[in-house]
Amino acid sequence: MKIVVIGGSGLIGSKVVAHLRERGHEALAASPKSGVNTITGEGLADALEGASVVVDVANSPSFEDAAVMEFFRTSTGNLLAAEAAAGVEHHVALSVVGSDRLPDSGYFRAKIAQEELIKESPIPYSIVRATQFFEFVTALAQAATNGNTVRLAHVLIQPIAAADIAETVAKVAVGPPVNGTIELAGPEQFRLDELVRLDLSARDDPREVIIDSHGRYFGAELSERVLIPADGAILAETRFEDWLRTKG
């Protein structure tokens, strides 16, 4: 089966492509680097020719409110139109747990706009909402840093390894469309400030993490459970501290 992975050269996409090829599928890694551009439409028709499934794990190069909204609306709109023309039978998209509960964040508003376009399309679909990646915890710390301190809310978070996300996305891609949303998270819950302390400690980073109830996350203030999935989510196996040891 031919499966086109949009964002196929990135952190998640490259792993999805590898999983699909291991399963014997014809997986095409599509990205601007390979001549496929979902913003301009360049290369889309050729890439999707003969494809049964499209997996969209692309992300916006800018998180500025207007830019990220424009990216997801334009990219998703162009992609769904090209899929309809090519006869694609299943659209799989990676989204984020809690997006619908964080309207103050321009990034999460854009992810919801993406999801709505997918739901309105006639193409059968599966949306996989994942929690925050282990790989981005350091970036979260950087975004919350002021001088030598990191200010974060004391809220729950249930992060997941990128490899586990990719494995699940690949499984969803070769299965029937769910025409709904699947939630995916790691096996453990942490407090956001505690998670970042673990990460910084493992990297011998001397910054001090301070609890700040108004600390923002992608521009939004956080409530206690907004970053964790609902009951019934798929739980991956990789534990954060085990993952950290592999990076040491």
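Up top is the structure these notes are about.
Okay, so let's go over this structure. This structure is a prediction, so every number in the text was calculated from the model and none was measured.

In terms of helices and strands, the protein carries 8 helices and 14 strands. The C-alpha radius of gyration of the protein comes to 18 Å, within 12% of the 18 Å expected for a compact globule of 248 residues. Principal-axis analysis of the C-alpha atoms places the extent of the protein at approximately 55 × 35 × 35 Å. Within the span of the protein, comprising 248 residues, buried residues form 52% of the whole. Surface exposure of the protein reaches about 11200 Å², of which carbon and sulfur atoms provide 50%. Between the centroid of the 22 positive side chains of the protein and the centroid of its 34 negative side chains there is a distance of 3 Å.

Next up on the list: unusual backbone geometry. At asparagine 179, a position not held by glycine, the phi torsion is positive, near 50°. Tracing the backbone through its elements, the reader meets asparagine 179 in the loop between helix H6 (162–173) and strand E9 (180–185). Positive phi values are uncommon outside glycine, yet aspartate 204 reaches one of about 55°. Residue position: aspartate 204 is located in the loop between helix H7 (192–202) and strand E11 (208–211). Classification of aspartate 204 as exposed rests on a relative accessible area of 71%.

Once that is clear, we can look at the pairing of strand E1 (residues 2–6). With 5 of its 5 residues buried, E1 lies for the most part within the structure. Of the two faces of E1, the one lined by Lys2, Val4 and Ile6 and the one lined by Ile3 and Val5 are each fully buried. With 5 bridges joining them, E1 and strand E2 (residues 26–30) adopt parallel strand pairing. Looking at E2, one finds that isoleucine 3 is bridged to alanine 27. As for the winding sense of the linkage, the β-α-β connection from E1 through helix H1 (residues 11–22) to E2 is right-handed. In terms of strand pairing, E1 meets strand E3 (residues 53–56) through 4 bridges, oriented parallel. Within the sheet, the bridge partner assigned to isoleucine 6 lies in E3 and is aspartate 56.

A few words now on the packing of H7 against helix H8 (residues 240–247). With their axes 11 Å apart at the nearest point, H7 and H8 run at an angle of 20° to one another. With respect to H8, the axis of H7 lies roughly parallel. Crossing of H7 against H8: the hand is right-handed. Between H7, through Leu195, Leu198, Asp199 and Ala202, and H8, the contact on the second element is made entirely by Phe240, Glu241 and Leu244. Looking at the contact of H7 with H8, its residues break down into 5 nonpolar, no polar and 2 charged.

In this section: the sheet that holds E2. An order of E2-E1-E3-E4-E5-E9-E14 is seen for the 7 strands of this open sheet, with the pairing classed as parallel. Sheet topology places E2 and strand E14 (234–235) at the edges, where each strand pairs with a single neighbour. Running over the sheet, helix H4 (residues 106–120) touches E3, strand E4 (90–96) and strand E5 (125–130) and is turned about 160° from E4.

Turning to the sheet that holds strand E6 (residues 145–146), a few remarks are in order. A sheet is described by the order of its strands in space; here 3 strands give the open sequence E6-E7-E11, paired in mixed fashion. The open sheet is flanked by E6 and E11, the only strands paired with a single partner. With 4 bridges joining them, strand E7 (residues 149–152) and E11 adopt parallel strand pairing. Bridged to arginine 151 within E11 is isoleucine 210. Each of E7 and E11 touches H7; the most contacted strand, E11, lies at about 180° to it.

Analysis parameters
Residues numbered from 1 in each chain as written. Predicted model: local features only at pLDDT ≥ 70, side-chain atom pairs only at ≥ 80, totals over all residues. Heavy atoms only, no water. Helix = DSSP H or I, 4+ residues; strand = E, 2+ residues; numbered from the N terminus. Rg over C-alpha atoms; globule rule 2.2 N^0.38 Å. Buried < 20%, exposed > 50% of the residue type's maximum accessible area, 1.4 Å probe, protein only. Areas by Shrake-Rupley, 256 points an atom, 1.4 Å probe, with all protein chains shown as cover. Lys, Arg positive; Asp, Glu negative; His and termini not counted. Charge placed at Lys NZ, Arg CZ, Asp CG, Glu CD. Pairing = 2+ DSSP bridges. Right-handed = clockwise from strand over helix to strand, strands pointing away. Axes fitted to C-alpha atoms, helices over the stretch in contact; angles between N-to-C directions. Parallel < 35°, antiparallel > 145°, perpendicular 65-115°, else oblique. Left-handed = near helix turned anticlockwise from the far one by under 90°. Contact = heavy atoms within 4.5 Å. Nonpolar A, V, L, I, M, F, W, Y, C, P; charged D, E, K, R; others polar.

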